[in-house]
Structure formats: structure tokens, C-alpha cells
Amino acid sequence: MKSAPFEYSRATSVDEACAMLAADENARVIAGGQTLVPMMAMRLARPARLVDIARITALSYIREDAGAVAIGATTRQCLVERDILVAAKLPLLARAIPFIGHAATRARGTVGGSLAHADPAAELALIAVTLDAVLSYRAANKTTDIPAREFFVGPMVTALPEGAMLTGVRLPVWSGEIGVGFHEVNARRSDFAFVSAAAQIERGNDGKAKRIAIGVGAATDCPIRLYAAEMQLTNTTLDAAKVKSAVIEALADIEPLEDLHATGAYRRRVAATLAARAVADAWAHAQEKTQRTTHAH
Amino acid sequence: MRINLAVNGAEHALDVEPRTTLLDCLRDHLDLKGAHAGCEHGVCGACTVLVDGVAVRSCLMFAPQAEGVAITTIEGVTPGPGELSPIQDAFCETHGMQCGYCTPAMVLTAHALLADNPAPTREQIVEAISGNICRCTGYAQIVEAISLAAERMRGANRPSEPAR
């Protein structure tokens with residue numbers, strides 16, 4: 001389990017990193033390395049040059065940005081895990097972060113690294129798709145924004161052009177009484193998910209679900225949204241039986257991944273169960289918050 | 001390439017291939033054999049070291065990436081020659097090891113946990129070591145060891161208690 005030889009360069013700015021990437025077509029960005037290094041050890045990746053961007057301090061930030069929370073590409077996952085802005089504004093992300101790898105990999109792994117690798121089981125990719133996040137990348141002095149649902153193309157494949165580097169992600173903040181739910185099934189605690197599901201719900205003043213987002217990860221090539229179920233369930237009181245039938249229906253057309261760990265049929269079935277569970281949790285969470293606010297007044 | 005590493009409080013100038021992992025660098029270049037090579041792809045946790053006080057996997061870092069940070073290995077946690085840290089002591093007392101392969105990593109993970117949280121619950125201890133695989137103990141004595149060490153370390157500065 002040793003990597004093939006490569007050259008190592010350390011960039012101190014985004015411009016320098018872009019120049020290094022442009023100068024060598026076999027160069028690859030490394031930040032925390034928690035996905036790339038195992039791939040290199042198993043020789044699934046053999047970059048000729050690594051451009052280390054972990055020291056670009058300008059890319060390590062978590063800040064409010066016009067109705068969203070912006071997170072820089074080299075921000076380590078352990079910082080997001082403990083961030084008060086994330087806890088207050090992005091409860092779904094806060095809920096999902098502890099499911100990413102282990103504490104020891106979150107200590108090095110970055111937000112941008114996880115998104116750029118696009119593992120189908122990556123929790124961050126699922127949250128980005130569920131919250132309609134917008135990713136930014138830089139190539140040849142030009143910054144481009146791309147919605148998460150267009151960024152993820154397939155397993156470990158993204159729309160990131162050659163020579164470009166991901167610089168950050170903006171995750172929209174929802175207003176109102178928000179509830180969140182997140183579930184996954186895996187063989188061991190913190191291992192890769194066979195299926196994961198995320199839900200975020202805004203409860204309206206009429207006691208109905210005003211806005212719903214439901215995402216499923218690890219079941220298909222890249223994370224998906226259950227748009228049909230979201231439409232069916234908006235402006236309802238989220239009756240458990242209706243939620244279950246809506247998510248089953250929304251999952252009818254997916255092409256589930258199949259491997260030694262889990263068959264496609266299993267993944268589809270578990271996706272429906274976890275999605276319904278995430279919705280139920282999010283709804284209960286939103287109701288709880290409403291009650292607390294009402295008592296406070 | 002030429003790199004400078006700060007390991008257990010000492011600076012080292014080393015010549016390594018960029019592909020050398022921090023793990024191999026510690027073992028082969030600095031003769032610090034306490035970091036163990038298990039899976040070498042980030043799954044087993046046997047190679048755990050502390051980077052700026054936080055537990056990380058040394059097999060998932062290339063040596064050049066470790067420039068400019070403070071690295072602590074199991075060889076660096078003892079208070080003095082021939083002595084053991086309170087966590088190591090607790091592992092001995094509760095039989096928190098059998099073959100010993102996972103032990104340095106477990107001890108370092110416990111160090112990082114207790115530095116951050118002096119009074120962890122059982123659940124938090126289990127979560128903290130969930131990335132470290134042990135095939136002998138069944139984990140029960142390891143959890144007990146960390147819990148015992150935490151209790152002692154919390155009590156260490158209480159003036160009212162008799163020394164030792």
C-alpha cells in the first residue's frame with residue numbers, strides 16, 4: 001500500500017495553485033488528503049504531481065454571505081463540526097458532519113476535498129445537493145459558480161474542468177421554523193454509508209410543511225433529491241403513511257448502485273425507510289422548535 | 001526532497017521521497033516504531049499520531065504535508081525515561097491491551113480526547129475510539145482504561161487529596 005512516485009508542490013495562494021495546475025496536466029490538488037491518499041495508496045489514482053493547497057489560509061473560512069453560509073474549500077471538517085454559525089444557520093450540515101469518517105479523518109479532511117472527490121457516499125455532497133448549494137471553482141483567473149446538482153456527474157466524477165480548483169461552497173440558509181433529519185446505514189460506525197438520507201423542513205404558521213427538501217445519498221451514482229415527494233408533501237401535515245408512499249414513489253425510477261455490500265433492491269428499500277425517517281425527524285424537530293418559541297412568548 | 005519535521009519536541013531535517021507517508025517517515029527515518037502500519041489506507045487507525053495535539057492517521061499524510069506542525073508519537077507522551085503517562089498506566093492496570101498492535105494509537109487517541117474533554121461519557125469514549133480497530137480486547141477494557149485515566153487526571157490537581 002504505497003503510492004506511486006510523484007512531485008510535490010506547495011501553493012500559498014489560489015493564483016499560484018492554478019498556475020501549478022495549468023503547468024502540469026497530470027497534477028492534482030491535495031488538501032487534507034483523506035480521500036486522495038488512500039486512493040493513491042491503492043493506486044486507483046497516480047497523479048504525477050500533487051499541488052498542496054492546505055496552507056492557502058484565504059480558503060479556510062466559514063462566514064455569512066447574503067442569505068447563505070459560505071465555507072472555503074480548505075476548511076477542515078472538524079472546524080465545521082464545532083462552528084457556532086454552522087450550528088445556528090445550517091442545522092442539517094451540523095447534524096450530518098459527525099457521520100463523515102472518524103474524528104481522526106475529520107481533523108485533516110476538508111470541505112472542498114470531500115465535494116471535489118464526489119464519492120457517492122459522501123455526506124457533504126448529499127447535504128450540498130439537499131440544500132441547493134452553489135460551488136465555486138477557479139480556472140485561469142476566472143471564478144465560476146455551479147449548482148451542486150450540476151456539479152456531481154457520477155461516482156468520483158464532477159463537472160470541474162481540467163486545471164480548475166474548487167475554492168468554496170455557499171449553502172443557503174432557510175428562514176422560519178426549521179427542522180432537520182439525517183440517517184445512514186453502514187457496516188460499522190463512521191464507515192462508508194450504504195444509504196444515507198437527509199431532510200430539512202420549514203413549518204408554516206398554519207401547522208403545515210411550508211418547504212421541504214429530501215435528499216438520498218450512496219444509493220445511486222451521485223446524491224439525488226426526491227423532488228416528486230417534496231412536491232407531493234408540501235403544504236400537508238406530513239402524515240406518516242403519505243410520507244412513506246411519496247418517498248417510495250419518488251424512488252421507483254432510480255438506478256441503485258449494486259456491490260458486494262448491498263444489492264440494488266436493498267438500497268432502494270433502505271433509501272425509502274431512511275428518507276421517511278429523516279422526514280419524520282425533521283418534522284418532529286420543527287414542531288419542537290415551534291413549541292419552544294410559542295412558550296417563550 | 002528536503003523537509004523539516006517537528007517530532008516530540010525535536011526538529012529533524014530529513015531527505016525523503018514526496019510519496020513517503022508520515023508513518024513510514026517516523027518509522028524508517030526517525031526510528032519511532034510506536035506508530036504501527038496496519039491497513040495503510042486509513043481504516044484501522046493503528047498509525048494514529050497527534051498533529052498539533054489532535055489525533056490523525058499518519059498513513060494518510062505524506063511527510064511533506066507534515067512540515068510546520070507539531071507531531072507527537074507514543075514515544076513522546078511519557079513524562080520521563082522509564083515512566084508512563086497516566087493514560088498508559090491506566091491501560092496497564094485495566095489490561096486495556098493484549099497483542100499491543102492497536103495500543104499506541106488507542107493511547108494517543110485517548111490523550112487527544114482527554115485534552116479536549118476531561119470528563120467524557122462512556123458514549124463519547126466509544127465514539128472517540130470508533131476509528132481504531134482492536135481485534136483482541138473487545139474494547140471493554142480499553143473504554144475502562146480511558147475512563148479510569150480521565151478520573152485520575154481530573155483529580156490530579158485537587159489539593160485536598162493525598163498525593164499518590
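Residues numbered from 1 in each chain as written. Chains lettered and ligands numbered in written order. Predicted model: local features only at pLDDT ≥ 70, side-chain atom pairs only at ≥ 80, totals over all residues.

1. Considerations on the packing of helix α2 (residues 86–93) of chain B against helix α5 (residues 140–155) of chain B
All names here are of chain B. Where α2 meets α5, the closest approach of the two axes is 8 Å, and the angle between their N-to-C directions is 135°. In terms of orientation, α2 and α5 fall into the oblique class. As for how α2 packs across α5, the hand of that crossing is right-handed. For the pair formed by α2 and α5, the contact residues are Pro86, Ile87, Ala90, Phe91 and Glu93 on the first element and Ala145, Leu148, Ala149, Arg152 and Met153 on the second. Of the residues in the contact of α2 with α5, the class split is eight nonpolar, no polar and two charged. (Axes fitted to C-alpha atoms, helices over the stretch in contact; angles between N-to-C directions. Helix = DSSP H or I, 4+ residues; strand = E, 2+ residues; numbered from the N terminus. Parallel < 35°, antiparallel > 145°, perpendicular 65-115°, else oblique. Left-handed = near helix turned anticlockwise from the far one by under 90°. Contact = placed C-beta atoms within 7 Å. Nonpolar A, V, L, I, M, F, W, Y, C, P; charged D, E, K, R; others polar.)

2. A word on unusual backbone geometry
Positive phi, normally seen in glycine, also occurs at Asp132(A), with a value near 55°. Within the secondary structure layout, Asp132(A) lies in the loop between α8 (123–130) and β6 (134–139). The backbone of Asp31(B) shows a phi angle near 60°, a positive value even though the residue is not glycine. Structurally, Asp31(B) is set in the loop between α1 (22–29) and β3 (48–51).

3. With respect to the domain arrangement of chain B
All names here are of chain B. According to the domain assignment, chain B contains domain 1 (2–76) and domain 2 (86–155). Relative placement of domain 1 and domain 2: their C-alpha centres are 21 Å apart. The partner domain 2 presents 13 residues to the 14 residues of domain 1 that form the contact. Mapped by element, the contributors of at least two residues to the side of domain 1 that touches domain 2 are β3 and β4 (54–57). Among the elements that line the side of domain 1 that touches domain 2, the one with the most residues is β3, at three residues. Residue composition of the side of domain 1 that touches domain 2, by class: nine nonpolar, five polar and no charged. (Domains from an automatic or database assignment.)

4. A short note on the packing of helix α3 (residues 103–116) of chain B against α5(B)
Residues and elements named next belong to chain B. Relative to each other, α3 and α5 sit at 40°, their axes nearing to 11 Å. Considered as vectors, α3 and α5 are oriented oblique to each other. The two elements α3 and α5 meet at a crossing, and its hand is right-handed. Note on element contacts: α5 touches α3 through Ile142, Ile146, Ala149, Ala150 and Met153, opposite Met106, Ala110, Leu113 and Leu114.

5. Details of the sheet that holds strand β2 (residues 27–30) of chain A
All names here are of chain A. Taken in spatial order, the three strands line up as β1-β3-β2 in an open sheet, and their pairing is parallel. Of all strands in the sheet, those bounded by a partner on one side alone are β1 (7–10) and β2. Here the average twist between neighbouring strands, direction ignored, is 25°. Bridge count between β2 and strand β3 (residues 49–52): four bridges; the pairing is parallel. Paired with alanine 27 across the strands is arginine 49, a residue of β3. (Pairing = 2+ DSSP bridges.)

6. Details of the nonpolar core
Judged by nonpolar contacts, the single largest core of 151 residues is most densely connected at Val247(A) and Ala275(A). Non-local contacts of Ala275(A), meaning those with residues more than four positions away in its chain, are made with Ala197(A), Ile214(A), Val216(A), Leu226(A) and Val247(A). (Core = buried A, V, L, I, M, F, W, Y, C linked by C-beta atoms within 7 Å. Buried ≥ 20, exposed ≤ 12 C-beta atoms within 10 Å, placed from the backbone.)

7. Focus on the pairing of strand β10 (residues 165–172) of chain A
Residues and elements named next belong to chain A. The element β10 is extensively covered by neighbouring structure, given that seven of its eight residues are classed as buried. The pairing of strand β5 (residues 68–72) with β10 spans five bridges and is classified as antiparallel. Looking at β10, one finds that isoleucine 71 is bridged to valine 169. Alignment of β6 against β10, held across five bridges, turns out to be antiparallel. Bridging from a neighbouring strand, arginine 138 pairs with methionine 165 of β10.

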